[in-house]
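Examination of the molecular architecture
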Amino acid sequence: MLQKRIIVCLDVRDGKTTKGVKFKGNVDIGDPVLMAEEYYKQGVDELVFYDITASSEKRGIMIDIVKKVAEKIFIPFSVGGGIRTLSDMKQVILAGAEKVSVNSSAVKNPSIISEGAKHFGKQCIVVGMDVEMDFSKPSGYGIVINGGRTKVDLDALEWAKKIEKLGAGEIVLNSIDADGTKNGYEIKLTRMISESVGIPVVASGGAGTSMHLADVFNEGKADAALIASMVHIDGYTVGGIKEFLNKENIPVRI
Amino acid sequence: MKIGILNYDAGNLKSVETALAYLGAKYFVSSDPYELAKSDKLIFPGVGEAQSSMKILKKRGLDIFLREYFKKGNPILGICLGCQIVLDSSEERNTKCVGLVPGNSKEFSHNMDLKIPHMGWNQVQSTNNHYIFKDIPNNSSFYFVHSYYPDPDNQNAVIALTDYGISFSSAFSVDNLVAVQFHPEKSGPHGLKLLDNFISKTQGV
């Protein structure tokens, strides 16, 4: 039986892992390569690195990190943040990443999804969606870009279906409302999107306890769950979370 | 002992390379049949689409090379698309494949409420103690990404099964060929052990 994945997300700025709340105020919390190795030992299923480096001249640091990670951990990992062109994609894939993740750039230029899928295979292309409650939209949710700062006129459900049609292999669904709250994932949103597309959906934003993961798998129908501060800051381990999920009869890789 | 990695532009070989480097194996990457013929063992990796990959293989004479290498008896490890393409044919755009082993690659049914591709970690049940699974606990999980699955005609060739809506052969072996549908290079310590078993196997196959 296909198992539910636990994915640890590392935001990287100028070569250091950072953690922010609601995209405001980041603090450095460690070396991304060492952290990746530690989570690999704990049995994480996958990793995501988001490059939130502001200045373009420092972007080379991220490629070095990707190369170092690829030499030390042997599980899939994806890289996102600032990926706008096929050549950006190629750079991180050649450095050893399994997948690339696009978000704002795909909203501005949806053909990057189909172009990427054509060149590298759909399994390589992950599309991140930052979603906010918006009752003016048919599904009740709208899309925001640029790290949650800019609203765009796009219905979340419609966009998810379009992402699939354009050839993406996976959706990372991030709730801006839940992000940083530690009150749990946005279950209703996750379930709506997951049941409407035929590609895997990764729930993101709001995880504070192991039960929140159980809920998003059981109720939210997520295929994978993204976590960050639970393991970076709050003292949870991937192994501990998996043990809990196993007891809840959720299929996980132990 | 040198391992040849067959490069036919089917996806990223980087992770296979880094895994072999990590295990301390001597390897080289090539798309030249004459160079690859000098290897002691061959890894045939690949992520991609069957028809365009077959076109590239044929253009470079690599389909003929594979059949000769297989006959010669040197160990071959096919991974993912490299596992499907060694069969006779694939339902993926009705492609005639290399044909080392009688069989067909089939598409997962879209009517079973399954997400396709089959992507993520799934359990692999070893069925006959094949050497490639030596010292790996049975039913360990490996990483999969695929929309088609291999179905060799001779069920005795099957060495492992995995469930995804149906039970399919996630690994099979005929003579000197071992083919795995999952990605050992992305499957953590168990995947590395599988690659190490392939690298370290000395006598017979």
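Summarised in this report is the structure supplied together with it. (Residues numbered from 1 in each chain as written. Chains lettered and ligands numbered in written order. Predicted model: local features only at pLDDT ≥ 70, side-chain atom pairs only at ≥ 80, totals over all residues.)

Considerations on the overall build of chain B
The helix and strand inventory of chain B stands at six helices and 14 strands. Its C-alpha radius of gyration of 15 Å places chain B within 12% of the 17 Å reference for a compact globule of 205 residues. Here chain B, with 205 residues, has 50% of them falling under the buried criterion. The long-range fraction of contacts in chain B, counting pairs at least 24 apart against all pairs at least 6 apart in sequence, stands at 70%. (Helix = DSSP H or I, 4+ residues; strand = E, 2+ residues; numbered from the N terminus. Rg over C-alpha atoms; globule rule 2.2 N^0.38 Å. Buried ≥ 20, exposed ≤ 12 C-beta atoms within 10 Å, placed from the backbone. Contact = placed C-beta atoms within 7 Å.)

A short note on the overall build of chain A
Secondary structure summary: chain A contains 10 helices and 12 strands in total. For the C-alpha atoms alone, the extent of chain A along its principal axes is close to 45 × 45 × 35 Å. By residue count, 51% of the 254 residues in chain A fall in the buried class. In chain A, 63% of the contacts between residues at least 6 apart in sequence involve partners at least 24 apart.

Points about the interface of chain A and chain B
The interface is formed by 22 residues belonging to chain A together with 28 residues belonging to chain B. Contributing elements (two or more residues each) for the side of chain A that touches chain B: α2 (60-72) and α3 (86-94) of chain A.

Overview of α3(A)
Residues and elements named next belong to chain A. Those residues of α3 that sit buried are M89, V92 and I93. Seen along its axis, α3 keeps its buried residues to an arc of 100°; they face one direction. On its buried side, α3 packs onto α2, β5 (77-80), β6 (99-102) and α5 (111-120). (Arc of directions from axis to C-beta.)

Focus: the sheet that holds strand β4 (residues 76-79) of chain B
All names here are of chain B. Taken together, the eight strands give an open sheet; going across it, the order is β2-β1-β3-β4-β14-β13-β12-β9, and neighbouring strands pair in mixed fashion. A single partner strand is all that each edge strand has here, and the edge strands are β2 (27-30) and β9 (125-126). Pairing between strand β1 (residues 3-6) and β2: four bridges, direction parallel. Paired with G4 across the strands is F28, a residue of β2. (Pairing = 2+ DSSP bridges.)

Some thoughts on unusual backbone geometry
Residue and element names in this part refer to chain B. Here the bond from I116 into P117 is cis, since omega is 10°, no more than 30 degrees from zero. Positionally, P117 belongs in the loop between β7 (101-107) and β8 (118-123). Phi at N139 is positive, roughly 65°, even though this residue is not glycine. As for its position among the elements, N139 is in the loop between β9 and β10 (141-146).

What about the sheet that holds strand β11 (residues 148-152) of chain B?
All names here are of chain B. An order of β6-β5-β7-β11 is seen for the four strands of this open sheet, with the pairing classed as mixed. What marks the edges here is a single partner per strand, and that holds for β6 (95-96) and β11. Direction of pairing for β7 relative to β11: antiparallel, over a ladder of five bridges. Within β11, the position partnered with K106 by the bridge is Y149.

Focus on the environment of E170(A)
Residues and elements named next belong to chain A. With respect to the element layout, E170 can be found in strand β10 (residues 170-175). For E170, a count of 27 C-beta atoms within 10 Å corresponds to the buried category. The spatial distance from the C-alpha of E170 to the C-alpha of G128 is 8.6 Å, given a sequence separation of 42 residues. Beyond its immediate sequence surroundings of up to four residues, E170 is in contact with V126, I199, P200 and V202.

Functional significance is not addressed by these values, which are geometric in nature.
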